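Residue-level structural notes
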Amino acid sequence: MPHDPRPAPETIPSAEAAEPVERRPMVAPPGERLADVRRIAVLRGGGIGDLLFALPAITALAAAYPDAEVTLLGAPAARLLDGRAGAPHRIVELPVAPGVHEPRGAESDPAAVERFLAEQRAEGYDLVAQMHGGGRFSNPFAAALGARCTIGTRTDDALALDRSLPYVYFQHEVMRWLEVAGLVGAPPVDLEPRVLVTPEELEHGRERLGAAPRTVVVHPGATDPRRRWPVERFAAVAAELTRAGARVAVIGDDSERALADAFAAGVLAAGAAEPLNLAGELPFGELPGLLAAADLCIANDSGPRHLAQAVGTATASVFWCGNLLNAGPLGRGRHRAQLSWTTHCPVCGRNSTQVGWTAPRCEHDLSFVTDVGVEAVLADARALLEAHAG
(Lines give C-alpha, C1' and ligand atoms only; values in the text may rest on other atoms or scores of the structure.)
Protein backbone atom coordinates (compact mmCIF):
# COMPACT_ATOMS: atom_id res chain seq x y z
CA MET A 1 0.00 0.00 0.00
CA PRO A 2 1.17 3.58 -0.51
CA HIS A 3 3.28 4.92 2.31
CA ASP A 4 3.39 8.54 3.45
CA PRO A 5 6.98 9.32 4.54
CA ARG A 6 6.13 12.75 5.96
CA PRO A 7 6.42 13.30 9.73
CA ALA A 8 3.39 13.03 11.98
CA PRO A 9 1.30 16.20 12.33
CA GLU A 10 2.22 18.68 15.02
CA THR A 11 0.10 18.39 18.16
CA ILE A 12 -0.87 20.76 20.96
CA PRO A 13 -2.29 19.96 24.39
CA SER A 14 -6.07 20.11 24.65
CA ALA A 15 -7.58 22.30 27.32
CA GLU A 16 -10.31 19.71 27.87
CA ALA A 17 -8.43 16.44 27.55
CA ALA A 18 -5.16 14.94 28.62
CA GLU A 19 -4.49 13.61 25.10
CA PRO A 20 -3.01 16.04 22.52
CA VAL A 21 -5.17 17.03 19.56
CA GLU A 22 -4.08 17.28 15.97
CA ARG A 23 -3.29 20.76 14.66
CA ARG A 24 -3.45 20.96 10.89
CA PRO A 25 -4.19 23.90 8.59
CA MET A 26 -7.54 23.95 6.83
CA VAL A 27 -8.95 26.11 4.05
CA ALA A 28 -12.42 25.71 5.59
CA PRO A 29 -13.98 23.69 8.44
CA PRO A 30 -13.39 20.00 7.61
CA GLY A 31 -16.07 17.57 6.59
CA GLU A 32 -16.47 14.11 8.06
CA ARG A 33 -13.84 11.61 6.98
CA LEU A 34 -15.08 8.53 5.10
CA ALA A 35 -14.59 4.97 6.34
CA ASP A 36 -12.94 2.09 4.45
CA VAL A 37 -11.61 4.07 1.51
CA ARG A 38 -9.35 1.96 -0.69
CA ARG A 39 -9.74 3.53 -4.13
CA ILE A 40 -9.89 7.23 -4.94
CA ALA A 41 -10.24 8.82 -8.38
CA VAL A 42 -9.52 12.49 -9.08
CA LEU A 43 -10.98 14.00 -12.25
CA ARG A 44 -8.70 16.77 -13.58
CA GLY A 45 -8.36 17.44 -17.29
CA GLY A 46 -6.58 20.39 -18.87
CA GLY A 47 -2.97 21.42 -19.36
CA ILE A 48 0.13 21.53 -17.19
CA GLY A 49 -1.03 24.37 -14.98
CA ASP A 50 -4.49 22.84 -14.44
CA LEU A 51 -2.87 19.61 -13.34
CA LEU A 52 -0.41 21.27 -11.00
CA PHE A 53 -3.09 23.32 -9.24
CA ALA A 54 -4.80 20.07 -8.19
CA LEU A 55 -1.62 18.41 -6.89
CA PRO A 56 -1.75 19.75 -3.30
CA ALA A 57 -5.33 18.50 -2.98
CA ILE A 58 -4.31 15.10 -4.37
CA THR A 59 -1.49 14.98 -1.81
CA ALA A 60 -3.96 15.90 0.94
CA LEU A 61 -6.31 13.06 -0.02
CA ALA A 62 -3.42 10.57 -0.11
CA ALA A 63 -2.25 11.66 3.35
CA ALA A 64 -5.75 11.53 4.84
CA TYR A 65 -6.38 8.08 3.36
CA PRO A 66 -2.93 6.41 3.48
CA ASP A 67 -4.27 2.95 2.62
CA ALA A 68 -5.96 4.14 -0.57
CA GLU A 69 -4.68 4.12 -4.14
CA VAL A 70 -5.21 7.52 -5.78
CA THR A 71 -5.89 7.44 -9.52
CA LEU A 72 -5.71 10.61 -11.61
CA LEU A 73 -8.11 10.70 -14.55
CA GLY A 74 -6.32 13.30 -16.61
CA ALA A 75 -5.17 14.69 -19.93
CA PRO A 76 -1.85 13.74 -21.61
CA ALA A 77 -0.04 16.41 -19.54
CA ALA A 78 -0.54 14.15 -16.51
CA ARG A 79 2.18 11.86 -17.89
CA LEU A 80 4.69 14.33 -16.45
CA LEU A 81 3.92 12.68 -13.10
CA ASP A 82 4.57 9.11 -14.26
CA GLY A 83 7.04 7.32 -12.01
CA ARG A 84 7.35 10.14 -9.49
CA ALA A 85 7.15 9.68 -5.74
CA GLY A 86 3.83 10.20 -3.97
CA ALA A 87 0.30 10.59 -5.28
CA PRO A 88 -1.21 10.14 -7.77
CA HIS A 89 -0.23 6.50 -7.72
CA ARG A 90 -1.84 5.71 -11.08
CA ILE A 91 -2.72 7.79 -14.15
CA VAL A 92 -5.52 6.99 -16.59
CA GLU A 93 -5.87 9.15 -19.69
CA LEU A 94 -9.31 10.61 -20.31
CA PRO A 95 -11.20 10.07 -23.57
CA VAL A 96 -12.22 13.08 -25.64
CA ALA A 97 -15.36 14.23 -23.85
CA PRO A 98 -17.25 17.55 -24.07
CA GLY A 99 -16.31 19.93 -21.26
CA VAL A 100 -13.94 17.39 -19.70
CA HIS A 101 -11.16 16.70 -22.21
CA GLU A 102 -11.32 18.55 -25.52
CA PRO A 103 -8.02 18.53 -27.43
CA ARG A 104 -7.98 21.04 -30.25
CA GLY A 105 -9.42 19.51 -33.42
CA ALA A 106 -10.54 16.25 -31.78
CA GLU A 107 -14.11 14.99 -31.83
CA SER A 108 -15.76 13.06 -29.04
CA ASP A 109 -17.01 9.52 -29.63
CA PRO A 110 -19.94 8.85 -27.26
CA ALA A 111 -19.38 5.10 -27.47
CA ALA A 112 -15.72 5.53 -26.44
CA VAL A 113 -16.76 7.72 -23.51
CA GLU A 114 -19.27 5.13 -22.33
CA ARG A 115 -16.66 2.34 -22.61
CA PHE A 116 -14.28 4.43 -20.51
CA LEU A 117 -16.93 5.07 -17.86
CA ALA A 118 -17.82 1.37 -17.72
CA GLU A 119 -14.16 0.40 -17.32
CA GLN A 120 -13.70 2.89 -14.53
CA ARG A 121 -16.90 1.87 -12.76
CA ALA A 122 -15.46 -1.63 -12.64
CA GLU A 123 -12.54 -0.27 -10.60
CA GLY A 124 -14.93 0.16 -7.66
CA TYR A 125 -13.93 3.63 -6.54
CA ASP A 126 -14.94 4.56 -3.02
CA LEU A 127 -14.43 8.28 -3.63
CA VAL A 128 -14.41 10.41 -6.78
CA ALA A 129 -13.19 14.01 -6.49
CA GLN A 130 -14.19 16.38 -9.29
CA MET A 131 -11.36 18.94 -9.45
CA HIS A 132 -12.06 20.12 -12.97
CA GLY A 133 -14.36 23.13 -12.84
CA GLY A 134 -17.92 24.30 -12.31
CA GLY A 135 -19.40 20.89 -12.94
CA ARG A 136 -21.82 21.49 -15.82
CA PHE A 137 -20.10 18.69 -17.76
CA SER A 138 -17.67 17.26 -15.21
CA ASN A 139 -20.17 16.50 -12.44
CA PRO A 140 -22.30 14.12 -14.57
CA PHE A 141 -19.04 12.54 -15.74
CA ALA A 142 -17.85 12.14 -12.12
CA ALA A 143 -21.21 10.78 -10.98
CA ALA A 144 -21.18 8.21 -13.80
CA LEU A 145 -18.04 6.65 -12.30
CA GLY A 146 -20.25 5.01 -9.66
CA ALA A 147 -18.32 5.81 -6.49
CA ARG A 148 -19.74 5.55 -2.97
CA CYS A 149 -19.13 9.26 -2.53
CA THR A 150 -18.57 12.14 -4.97
CA ILE A 151 -17.18 15.56 -4.09
CA GLY A 152 -16.42 18.71 -6.06
CA THR A 153 -17.56 22.19 -7.02
CA ARG A 154 -20.73 23.22 -8.82
CA THR A 155 -22.40 26.18 -10.42
CA ASP A 156 -26.11 26.68 -9.81
CA ASP A 157 -27.02 24.79 -12.99
CA ALA A 158 -24.68 21.81 -12.41
CA LEU A 159 -25.55 18.38 -11.07
CA ALA A 160 -25.25 18.17 -7.29
CA LEU A 161 -22.65 15.74 -5.96
CA ASP A 162 -22.76 14.01 -2.56
CA ARG A 163 -20.67 16.83 -1.08
CA SER A 164 -20.04 19.99 -3.03
CA LEU A 165 -19.02 23.63 -2.83
CA PRO A 166 -20.21 26.58 -4.90
CA TYR A 167 -17.93 27.32 -7.85
CA VAL A 168 -16.89 30.97 -7.51
CA TYR A 169 -14.47 31.93 -10.25
CA PHE A 170 -12.17 34.31 -8.37
CA GLN A 171 -10.55 31.88 -5.94
CA HIS A 172 -6.99 30.59 -6.11
CA GLU A 173 -7.14 27.24 -7.89
CA VAL A 174 -4.93 25.50 -5.31
CA MET A 175 -7.16 26.73 -2.48
CA ARG A 176 -10.28 25.74 -4.42
CA TRP A 177 -9.25 22.10 -4.70
CA LEU A 178 -7.83 21.98 -1.17
CA GLU A 179 -11.23 23.14 0.02
CA VAL A 180 -12.83 20.31 -1.98
CA ALA A 181 -10.45 17.77 -0.39
CA GLY A 182 -11.49 19.17 2.98
CA LEU A 183 -15.07 18.06 2.31
CA VAL A 184 -13.96 14.53 3.23
CA GLY A 185 -11.71 15.59 6.12
CA ALA A 186 -8.42 15.84 4.20
CA PRO A 187 -6.35 18.78 5.53
CA PRO A 188 -3.58 20.40 3.48
CA VAL A 189 -0.06 19.01 3.48
CA ASP A 190 1.35 21.32 0.79
CA LEU A 191 0.08 24.80 -0.07
CA GLU A 192 1.79 24.88 -3.46
CA PRO A 193 2.40 22.12 -6.00
CA ARG A 194 5.67 20.21 -5.77
CA VAL A 195 7.17 18.02 -8.49
CA LEU A 196 10.26 16.04 -7.50
CA VAL A 197 12.90 15.84 -10.23
CA THR A 198 15.31 12.91 -10.35
CA PRO A 199 19.10 13.45 -10.32
CA GLU A 200 19.23 12.02 -13.85
CA GLU A 201 16.63 14.53 -15.11
CA LEU A 202 18.49 17.38 -13.47
CA GLU A 203 21.82 16.36 -14.97
CA HIS A 204 20.28 16.03 -18.41
CA GLY A 205 18.75 19.48 -18.05
CA ARG A 206 22.14 20.94 -17.17
CA GLU A 207 23.67 19.31 -20.22
CA ARG A 208 20.96 20.84 -22.40
CA LEU A 209 21.54 24.34 -21.04
CA GLY A 210 25.32 24.16 -21.11
CA ALA A 211 27.87 25.62 -18.74
CA ALA A 212 27.33 29.23 -17.64
CA PRO A 213 27.52 31.24 -14.41
CA ARG A 214 23.72 31.74 -14.51
CA THR A 215 21.09 30.08 -16.68
CA VAL A 216 17.71 31.58 -17.56
CA VAL A 217 14.83 29.84 -19.34
CA VAL A 218 12.28 32.08 -21.09
CA HIS A 219 8.78 31.02 -22.15
CA PRO A 220 7.12 33.87 -24.10
CA GLY A 221 3.96 31.89 -24.91
CA ALA A 222 0.60 31.29 -23.24
CA THR A 223 -2.49 29.38 -24.34
CA ASP A 224 -4.60 32.54 -24.14
CA PRO A 225 -3.10 35.29 -26.34
CA ARG A 226 -4.41 37.91 -23.92
CA ARG A 227 -1.92 36.65 -21.32
CA ARG A 228 1.11 37.11 -23.62
CA TRP A 229 3.50 39.93 -22.85
CA PRO A 230 4.91 41.33 -26.12
CA VAL A 231 7.72 39.08 -27.31
CA GLU A 232 10.05 42.01 -28.01
CA ARG A 233 9.92 42.89 -24.31
CA PHE A 234 10.98 39.39 -23.34
CA ALA A 235 13.84 39.79 -25.81
CA ALA A 236 14.87 43.13 -24.28
CA VAL A 237 15.03 41.60 -20.79
CA ALA A 238 16.94 38.56 -22.06
CA ALA A 239 19.44 40.71 -23.95
CA GLU A 240 20.34 42.60 -20.78
CA LEU A 241 20.77 39.38 -18.80
CA THR A 242 22.85 37.85 -21.59
CA ARG A 243 25.19 40.85 -21.61
CA ALA A 244 25.57 40.37 -17.84
CA GLY A 245 26.83 36.81 -18.41
CA ALA A 246 23.68 34.68 -18.24
CA ARG A 247 22.99 31.82 -20.61
CA VAL A 248 19.45 32.21 -21.99
CA ALA A 249 17.28 29.47 -23.51
CA VAL A 250 13.81 29.88 -24.99
CA ILE A 251 11.24 27.08 -24.85
CA GLY A 252 7.84 26.40 -26.40
CA ASP A 253 5.86 23.68 -28.13
CA ASP A 254 5.54 23.23 -31.90
CA SER A 255 2.87 25.91 -32.12
CA GLU A 256 5.23 28.44 -30.50
CA ARG A 257 8.20 28.08 -32.86
CA ALA A 258 7.49 31.39 -34.61
CA LEU A 259 7.18 33.16 -31.28
CA ALA A 260 10.49 31.69 -30.10
CA ASP A 261 12.16 32.65 -33.40
CA ALA A 262 10.94 36.23 -32.98
CA PHE A 263 12.33 36.25 -29.45
CA ALA A 264 15.74 34.98 -30.60
CA ALA A 265 15.83 37.55 -33.41
CA GLY A 266 15.01 40.29 -30.91
CA VAL A 267 17.87 39.30 -28.62
CA LEU A 268 20.30 39.33 -31.54
CA ALA A 269 18.98 42.68 -32.77
CA ALA A 270 19.70 44.11 -29.32
CA GLY A 271 23.36 43.18 -29.78
CA ALA A 272 23.44 40.23 -27.38
CA ALA A 273 24.53 36.65 -27.95
CA GLU A 274 22.03 34.34 -29.64
CA PRO A 275 19.89 32.40 -27.14
CA LEU A 276 19.54 28.64 -27.18
CA ASN A 277 16.29 27.99 -29.05
CA LEU A 278 14.61 24.78 -27.87
CA ALA A 279 11.08 25.56 -29.07
CA GLY A 280 9.61 22.48 -30.70
CA GLU A 281 12.84 20.58 -30.04
CA LEU A 282 12.54 19.64 -26.35
CA PRO A 283 10.66 16.40 -25.62
CA PHE A 284 7.79 17.03 -23.22
CA GLY A 285 9.21 14.63 -20.63
CA GLU A 286 12.46 16.62 -20.42
CA LEU A 287 10.76 19.85 -19.40
CA PRO A 288 10.86 19.29 -15.60
CA GLY A 289 14.59 18.56 -15.64
CA LEU A 290 15.42 21.52 -17.86
CA LEU A 291 13.43 23.94 -15.69
CA ALA A 292 14.93 22.53 -12.50
CA ALA A 293 18.43 23.04 -13.92
CA ALA A 294 17.81 26.75 -14.59
CA ASP A 295 18.46 29.49 -12.07
CA LEU A 296 15.45 31.49 -13.24
CA CYS A 297 12.38 31.16 -15.45
CA ILE A 298 10.89 34.28 -17.05
CA ALA A 299 7.40 33.74 -18.44
CA ASN A 300 3.79 34.69 -18.76
CA ASP A 301 1.08 32.99 -16.73
CA SER A 302 1.61 29.64 -18.45
CA GLY A 303 2.06 25.93 -17.80
CA PRO A 304 5.89 26.00 -18.02
CA ARG A 305 5.97 28.91 -15.54
CA HIS A 306 3.87 26.93 -13.05
CA LEU A 307 6.02 23.84 -13.61
CA ALA A 308 9.19 25.87 -12.98
CA GLN A 309 7.77 26.91 -9.64
CA ALA A 310 6.77 23.32 -8.81
CA VAL A 311 10.30 22.00 -9.43
CA GLY A 312 11.80 24.72 -7.21
CA THR A 313 13.11 27.24 -9.76
CA ALA A 314 12.73 30.98 -9.15
CA THR A 315 10.30 32.76 -11.49
CA ALA A 316 9.83 36.30 -12.76
CA SER A 317 6.52 36.56 -14.54
CA VAL A 318 3.82 38.78 -16.01
CA PHE A 319 0.20 38.27 -14.93
CA TRP A 320 -3.12 39.85 -15.69
CA CYS A 321 -4.48 40.92 -12.28
CA GLY A 322 -7.43 38.52 -12.32
CA ASN A 323 -5.21 35.57 -13.21
CA LEU A 324 -2.91 36.33 -10.29
CA LEU A 325 -5.88 35.80 -7.96
CA ASN A 326 -6.49 32.38 -9.48
CA ALA A 327 -3.02 31.14 -10.33
CA GLY A 328 -0.26 33.32 -8.90
CA PRO A 329 2.57 32.15 -6.63
CA LEU A 330 1.91 32.59 -2.91
CA GLY A 331 5.45 33.55 -1.89
CA ARG A 332 7.68 36.40 -3.01
CA GLY A 333 11.08 35.21 -1.84
CA ARG A 334 11.56 33.08 -4.97
CA HIS A 335 8.75 34.35 -7.18
CA ARG A 336 7.95 37.83 -8.47
CA ALA A 337 4.97 38.83 -10.58
CA GLN A 338 4.39 42.08 -12.41
CA LEU A 339 0.70 42.86 -12.82
CA SER A 340 -1.40 44.36 -15.55
CA TRP A 341 -4.44 46.20 -14.22
CA THR A 342 -6.33 46.26 -17.52
CA THR A 343 -9.96 45.51 -16.68
CA HIS A 344 -11.69 46.22 -20.00
CA CYS A 345 -10.92 45.00 -23.51
CA PRO A 346 -8.85 47.71 -25.23
CA VAL A 347 -10.85 47.19 -28.46
CA CYS A 348 -14.51 46.85 -27.47
CA GLY A 349 -14.43 47.98 -23.85
CA ARG A 350 -16.09 44.84 -22.47
CA ASN A 351 -15.47 44.28 -18.77
CA SER A 352 -12.95 41.44 -18.59
CA THR A 353 -13.53 40.83 -14.88
CA GLN A 354 -16.97 39.37 -15.66
CA VAL A 355 -16.01 35.82 -16.48
CA GLY A 356 -17.34 32.38 -17.25
CA TRP A 357 -21.02 31.79 -17.81
CA THR A 358 -21.99 35.26 -16.52
CA ALA A 359 -20.50 37.13 -19.48
CA PRO A 360 -18.81 35.21 -22.33
CA ARG A 361 -15.50 36.75 -23.35
CA CYS A 362 -15.25 39.04 -26.35
CA GLU A 363 -13.62 37.82 -29.56
CA HIS A 364 -10.53 40.02 -29.28
CA ASP A 365 -7.24 38.23 -28.69
CA LEU A 366 -4.79 41.10 -28.25
CA SER A 367 -2.53 41.25 -25.19
CA PHE A 368 -4.07 42.49 -21.95
CA VAL A 369 -0.66 42.89 -20.26
CA THR A 370 1.06 45.54 -22.36
CA ASP A 371 1.02 48.04 -19.50
CA VAL A 372 3.83 46.06 -17.81
CA GLY A 373 7.19 47.65 -18.62
CA VAL A 374 10.55 46.07 -19.44
CA GLU A 375 12.39 47.69 -16.53
CA ALA A 376 10.02 46.21 -13.94
CA VAL A 377 10.50 42.63 -15.17
CA LEU A 378 14.23 43.13 -15.61
CA ALA A 379 14.52 44.41 -12.03
CA ASP A 380 12.68 41.30 -10.77
CA ALA A 381 14.95 39.02 -12.78
CA ARG A 382 18.12 40.68 -11.53
CA ALA A 383 16.93 40.64 -7.92
CA LEU A 384 16.08 36.94 -8.06
CA LEU A 385 19.37 35.99 -9.74
CA GLU A 386 21.30 37.94 -7.12
CA ALA A 387 19.30 36.55 -4.21
CA HIS A 388 19.80 32.94 -5.29
CA ALA A 389 23.38 33.18 -6.56
CA GLY A 390 25.81 30.53 -5.50
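Residues numbered from 1 in each chain as written. Predicted model: local features only at pLDDT ≥ 70, side-chain atom pairs only at ≥ 80, totals over all residues. Heavy atoms only, no water.

1. A look at the state of the cysteines
Such a bond, covalent and formed between the sulfur atoms of two cysteines, is termed a disulfide. The full count for this structure, using the stated rule, is 0 disulfides. The thiol of C348 is unpaired, and the distance to the nearest cysteine sulfur, on C345, comes to 3.8 Å. Overall, the relative accessible area of 42% leaves C348 in the partly exposed class. (Disulfide = S-S within 2.5 Å. Buried < 20%, exposed > 50% of the residue type's maximum accessible area, 1.4 Å probe, protein only.)

2. Overview of the nonpolar core
If you look at the biggest cluster of nonpolar residues, it comprises 63 residues, and the most contacted ones within it are I40, V42, L61, M131, L291 and L307. In terms of residues, this core owes the most to one element, helix α1 (residues 48–64), which gives 12 residues. Apart from residues lying up to four places away in sequence, L307 is in contact with I48, L52, L80, V195, L287, P288 and L291. Within the second largest apolar cluster, 35 residues are counted, among which are V237, V250, A314 and A316. (Core = buried A, V, L, I, M, F, W, Y, C linked by side-chain atoms within 4.5 Å. Helix = DSSP H or I, 4+ residues; strand = E, 2+ residues; numbered from the N terminus. Contact = heavy atoms within 4.5 Å.)

3. Examining the sheet that holds strand β5 (residues 90–93)
Across the sheet, 6 strands lie side by side as β5-β4-β3-β6-β7-β8; this open sheet has parallel pairing. Looking at strand neighbours, the two that pair on one side only are β5 and β8 (163–166), the edges of this open sheet. When strand polarity is set aside, the average angle formed by the axes of neighbouring strands in this sheet is 15 degrees. α1 rests against β3 (39–44), β4 (69–74) and β6 (127–130) of the sheet, and its axis sits at about 165 degrees to β3. (Pairing = 2+ DSSP bridges. Axes fitted to C-alpha atoms, helices over the stretch in contact; angles between N-to-C directions.)

4. A closer look at the packing of helix α6 (residues 231–243) against helix α7 (residues 257–269)
A pair of packed helices can be characterised by two numbers: the angle between their axes and the separation between those axes. α7 packs onto α6 with a crossing angle of 45 degrees between their chain directions and a minimal axis gap of 8 Å. Classed by the angle they form, the pair α6 and α7 counts as oblique. Helix-helix and strand crossings are classified by hand; for α6 and α7 the assignment is right-handed. Of the residues in α7, those touching α6 at V231, F234, A235, A238 and A239 are L259, A262, F263, G266 and V267. A per-class count over the contact of α6 with α7 returns 9 nonpolar, 1 polar and no charged. (Parallel < 35°, antiparallel > 145°, perpendicular 65-115°, else oblique. Left-handed = near helix turned anticlockwise from the far one by under 90°. Nonpolar A, V, L, I, M, F, W, Y, C, P; charged D, E, K, R; others polar.)

5. Describing unusual backbone geometry
Omega for the bond connecting A87 with P88 falls within 30 degrees of zero, at 5 degrees, which places this linkage in the cis form. On the secondary structure map, P88 appears in the loop between β4 and β5. Despite not being glycine, D36 has its phi angle at roughly 55 degrees, a positive value. Along the polypeptide, D36 turns up in the loop between β2 (20–22) and β3.

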